[in-house]
Amino acid sequence: MALRAAAHLPRLVVLGAVFLFAGATLTYGAAQRISADAAAKATAPATAPTVVVPDITGQAFVFAKGSLEDAGFAWRVAGSVHGYAVNRVVSQSPAAGTKLKDTGAPTVSVSLARTGYAETGEPEDVSPYIGTAVILASTPFTAQSKPVATKPAAAKKPAAAPAAAKRPPAFTVPGAPKEPLDEITLSARAKRLSDWLTAHPRPTNATVHNFLYQNAWIVTGARFGWSHGAEALQVLIVADQKAMRLWGLGHKSELAARHALAEVEARSR
């Protein structure tokens, strides 16, 4: 998860290769039967790729949806609590560890609970791309009659920070997750977002989603008391203003960042 998003090989290519291989096998088998004048033999069914559902229960929603997207899943929020960044995942379906057919972007349903943090910004109740069917790996595979939806292309994932890096928190929030040391710092993330905007002067569905996701990560992490959150928010505000100039959007993100900055500065005193 970082300045995103990791590029996935389109699953249509993978499935197409499987079917092509199966077709070649059937053709070869037919030729053998004709030449040998033997009885027909059944050909082994094609084997579909599989994916394993990650464990996101207990995570803040902003991190949970990133974990799902990185693993190639779509998601949707079920229940009365909506998809605000600070809300917490209390259940998921399918369960963590379930092995599924890779149908393109299998959809994981999540139920959320509110936390002590204010729900700011716009909620996200569905993934930014179309989810596909959930089929257990043990289910016999059949070819799909419709094209498989795939996850949109995203930015290249930046290198993770060294795990040994020291990051003293700005303040402590009871129950908040600790800053993940295998991710780049909030400040570095905000600076990379600003540079990334320069390289993407025109908005698309994928770039806007990535922009909003990075904003939510930085704002949420800063409110959790992660290291140098105030500095990161100051850089983020400038990046949001850049998005307004380039794309004509970013005003709401800037307001959310300013509110978070005021909160972080007050708690850091």
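Here's a quick rundown of the structure. Predicted, not measured: the structure shown is a model, and the values here were computed from it.

**What to know about the overall build of the protein**
Next, step 1: On a plain count of helices and strands, the protein comes out with six helices and five strands.
Next, step 2: The N-to-C order of helical and strand elements in the protein reads α-β-α-β-β-β-β-α-α-α-α.
Next, step 3: Put simply, the protein has 269 residues, and 42% of those count as buried.
Next, step 4: Contacts in the protein between residues far apart in sequence, at least 24 positions, make up 77% of those at least 6 positions apart.
Next, step 5: Carbon and sulfur atoms make up 61% of the accessible area of the protein, which totals about 13,900 Å².

**Some remarks on the pairing of strand β5 (residues 107-113)**
Next, step 1: Of all the seven residues making up β5, six are buried; the element is thus mostly covered by neighbouring parts of the structure.
Next, step 2: Where strand β2 (residues 74-78) meets β5, five bridges bridge the pair, whose relative direction is parallel. Opposite A74, over in β5, you have T107 as the bridge partner.
Next, step 3: Across five bridges, strand β3 (residues 88-93) lies against β5 in antiparallel orientation. When the sheet's bridge partners are listed, Q92 is paired in β5 with V110.

**Observations concerning the layout of surface pockets**
Next, step 1: Considering only enclosed or pocket space, the largest pocket measures out at about 520 Å³ in volume.
Next, step 2: In terms of lining residues, the largest pocket is bounded by 23 residues, among which T120, G121, E122, L212 and S253 are the most central.
Next, step 3: Secondary structure elements with two or more residues in the lining of the largest pocket: α4 (205-223) and α6 (251-268).
Next, step 4: Empty space within the second largest pocket amounts to approximately 270 Å³.

**Observations concerning the sheet that holds β2**
Next, step 1: In spatial order, the strands read β2-β5-β3; together these three strands make up an open sheet with mixed pairing. Either end of the sheet is taken by a strand with one partner, and the two such strands are β2 and β3. Strand-to-strand twist of the sheet, defined as the mean angle between neighbouring strand axes without regard to direction, takes the value 35 degrees.
Next, step 2: Contacts between helix α2 (residues 61-70) and the sheet are confined to β2, β3 and β5, with β2 contributing the most and set at about 145 degrees to the helix.

**A few points about the nonpolar core**
Next, step 1: One finds F63, L197, F211, F224, L233 and L236 to be the most contacted residues of the largest nonpolar core, which totals 35 residues.
Next, step 2: Secondary-structure elements contributing two or more residues to this core are α2, α3 (186-199), α4, α5 (229-247) and α6.
Next, step 3: The dominant element in this core, judged by the number of residues it contributes, is α4, at eight residues.
Next, step 4: Formed by 15 residues, the second largest nonpolar core is a distinct cluster that contains I56, F61, V89 and L100.

**Digging into the pattern of salt bridges**
Next, step 1: Applying the stated criterion across every chain yields a total of eight salt bridges.
Next, step 2: A salt bridge links R189 to E183; the nearest nitrogen and oxygen atoms lie 3.1 Å apart.
Next, step 3: Look at R189 and you get buried, because its relative accessible area is 0%.
Next, step 4: A relative accessible area of 9% places E183 in the buried class.
Next, step 5: In this structure, the salt-bridge partner of E254 is R258, at a minimum N-O distance of 3.0 Å. With E254 and R258 both in helix α6 and four residues apart, the pair spans about one turn of that helix.
Next, step 6: The class of E254 is buried, set by a relative accessible area of 12%.
Next, step 7: Overall, R258 belongs to the partly exposed group, its relative accessible area being 41%.

**What to know about the packing of α4 against α5**
Next, step 1: One can describe the packing of α4 onto α5 by two numbers: an axis separation of 10 Å at closest approach and a directional angle of 160 degrees. The orientation of α4 with respect to α5, classified from their angle, is roughly antiparallel. By crossing handedness, the relation of α4 to α5 is classed as left-handed. Contacts between α4 and α5 pair T207, V208, F211, N215, I218, V219 and A222 from the former with G229, A232, L233, L236, A239, D240, A243 and W247 from the latter.
Next, step 2: When the residues that make up the contact of α4 with α5 are grouped by side-chain class, the tally is eleven nonpolar, three polar and one charged.

Reading the values: the criteria
Residues numbered from 1 in each chain as written. Predicted model: local features only at pLDDT ≥ 70, side-chain atom pairs only at ≥ 80, totals over all residues. Heavy atoms only, no water. Helix = DSSP H or I, 4+ residues; strand = E, 2+ residues; numbered from the N terminus. Buried < 20%, exposed > 50% of the residue type's maximum accessible area, 1.4 Å probe, protein only. Contact = heavy atoms within 4.5 Å. Areas by Shrake-Rupley, 256 points an atom, 1.4 Å probe, with all protein chains shown as cover. Pairing = 2+ DSSP bridges. 1 Å grid on protein atoms, 1.4 Å probe; cavity = no way out; pocket = protein on both sides within 12 Å on 5 of 7 lines; lining within 4 Å. Points joined across faces, edges and corners; volume = space filled by probe spheres on them. Axes fitted to C-alpha atoms, helices over the stretch in contact; angles between N-to-C directions. Core = buried A, V, L, I, M, F, W, Y, C linked by side-chain atoms within 4.5 Å. Salt bridge = Lys/Arg side-chain N within 4 Å of Asp/Glu carboxyl O. Parallel < 35°, antiparallel > 145°, perpendicular 65-115°, else oblique. Left-handed = near helix turned anticlockwise from the far one by under 90°. Nonpolar A, V, L, I, M, F, W, Y, C, P; charged D, E, K, R; others polar.

Take it as geometry only, folks, not as evidence of what the structure does.
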